[in-house]
Each structure stands twice: as C-alpha cells, then as structure tokens.
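What follows is the residue order along each chain.
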Amino acid sequence: IIADEPVSMVDASLRATILESLHNLHSTFGISLIYITHDLTTAYQITDTLVVLYRGTIAEAGPVEDVIRHPQHPYTRELIGSIPAPDPARGWLDEEIGGKENGDDAGGGCRYAGRCAEVMQRCRSQMPALFQTDARRTCACFLHEESPALEQGHDLTRILAARSTP
C-alpha cells in the first residue's frame, strides 16, 4: 500500500483509527506499506524503517527508532527539533526554527547546504555520497565521510533490511 499523507486532514480520533488500521494490515496480513508524510510523529508510530528525503534526495535512512533518537543528518535533526513539545512556559514564537533558504544549489552541491548550520565549503560544490554509517543506516552528509560510501546503484533496501548482529 502506498499511503501519501493519509492522516494530514483528519481529526485526532479518525487519525488514530486510520493509523491502527494500517498497522493491523501490516501485522495481520503482512502487507507492506510505504507511508509518505511530513509528520514524523505519525511515521514513528507506524513504520519500522524511516527514509528522510530533502528535495527529492535521501538525507538519512535507517530503523525509525535509531533515526528519531539519534539523527545523523542536520536536516533530520532540524525536523525532529521542529516537533512541538508540550511546554506551557515556552511561547510559540520564542525561537526561530531552521536557517534561511538561499536557494543556491546551482553548484551541484548538497541540496541542504543553503540551510545547514554545519555547512562546509565543499557542501556547496559537491553532492555528498550516501555513507553507510552502520549495518542498517545511511546518511548523505560529509560529516560522516569516515564511513564507507555506497556505490552508485547499491541496493539500499538490502542495508535497511539487514538484521543487526547481537
């Protein structure tokens, strides 16, 4: 099943029902699900593997628990940081989220370079490879260039489906 923003325009009770139904289809019948969303909180509830895209390219991928709890890409960290936390003492507009988009990605570099707080000069001219940061994780960021780079056309699904060794 490909579910593109299936709960984005529904109330909380219907959202819970839809998410539970999708979860049951997977757990009861083994139906695979591609869940496309901007809402990381619902993605966390329903998926095993998370692939974070930025402007059509993979920024980071791996087990949902690992990606959410220990994000490796600056964009993923920004996304997680933008999730509202219930804190009555904090005002809605107390802090600015993210950098300013400069739209300057004509140099063939990282698509996130214009907003990245950790941008390096090479990010503006070189597209980072997809680095395999551990057995089941990948990250497209020069911050992880000490990890092996995946070859063009490498089967990413094999890495994401790999079993962790105890």
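Keep in mind that what you see is a predicted model, and the values were worked out from it rather than measured.

1. Details of the overall build of the protein
When helices and strands are counted, the protein shows five helices and six strands. In the protein, the order of α-helices and β-strands from amino to carboxyl end is β-α-β-α-β-β-α-α-β-β-α. Across the 166 residues of the protein, 31% fall into the buried class. Long-range contacts, defined here as pairs at least 24 residues apart, represent 41% of the contacts in the protein between residues at least 6 apart. Carbon and sulfur atoms provide 55% of the accessible area of the protein, an area that totals close to 10600 Å².

2. Topic: unusual backbone geometry
Even without glycine at this site, Glu5 takes up a positive phi of about 50°. For Glu5, the location among the structural elements is in the loop between strand E1 (2–4) and helix H1 (12–29). A relative accessible area of 24% places Glu5 in the partly exposed class. We note that Arg55 has phi near 50°; this positive angle belongs to a residue other than glycine. Counting through the fold element by element, Arg55 comes out in the loop between strand E3 (49–54) and strand E4 (57–63).

3. Looking at the nonpolar core
Within the largest apolar cluster, 23 residues are counted, with the highest numbers of intra-cluster contacts made by Tyr35, Leu50, Val52 and Tyr112. Of all the secondary-structure elements, those providing two or more residues to this core are H1, helix H2 (40–46), E3 and helix H3 (64–69). Beyond its immediate stretch of four places on either side in the chain, Tyr35 contacts Ala3, Pro6, Val7, Leu19, Leu22, Thr42, Ala43, Ile46 and Thr47. In this structure, Leu130, Leu150, Leu156 and Ile159 belong to the second largest nonpolar core, which totals seven residues.

What counts and what doesn't
- Residues numbered from 1 in each chain as written.
- Predicted model: local features only at pLDDT ≥ 70, side-chain atom pairs only at ≥ 80, totals over all residues.
- Heavy atoms only, no water.
- Helix = DSSP H or I, 4+ residues; strand = E, 2+ residues; numbered from the N terminus.
- Buried < 20%, exposed > 50% of the residue type's maximum accessible area, 1.4 Å probe, protein only.
- Contact = heavy atoms within 4.5 Å.
- Areas by Shrake-Rupley, 256 points an atom, 1.4 Å probe, with all protein chains shown as cover.
- Core = buried A, V, L, I, M, F, W, Y, C linked by side-chain atoms within 4.5 Å.

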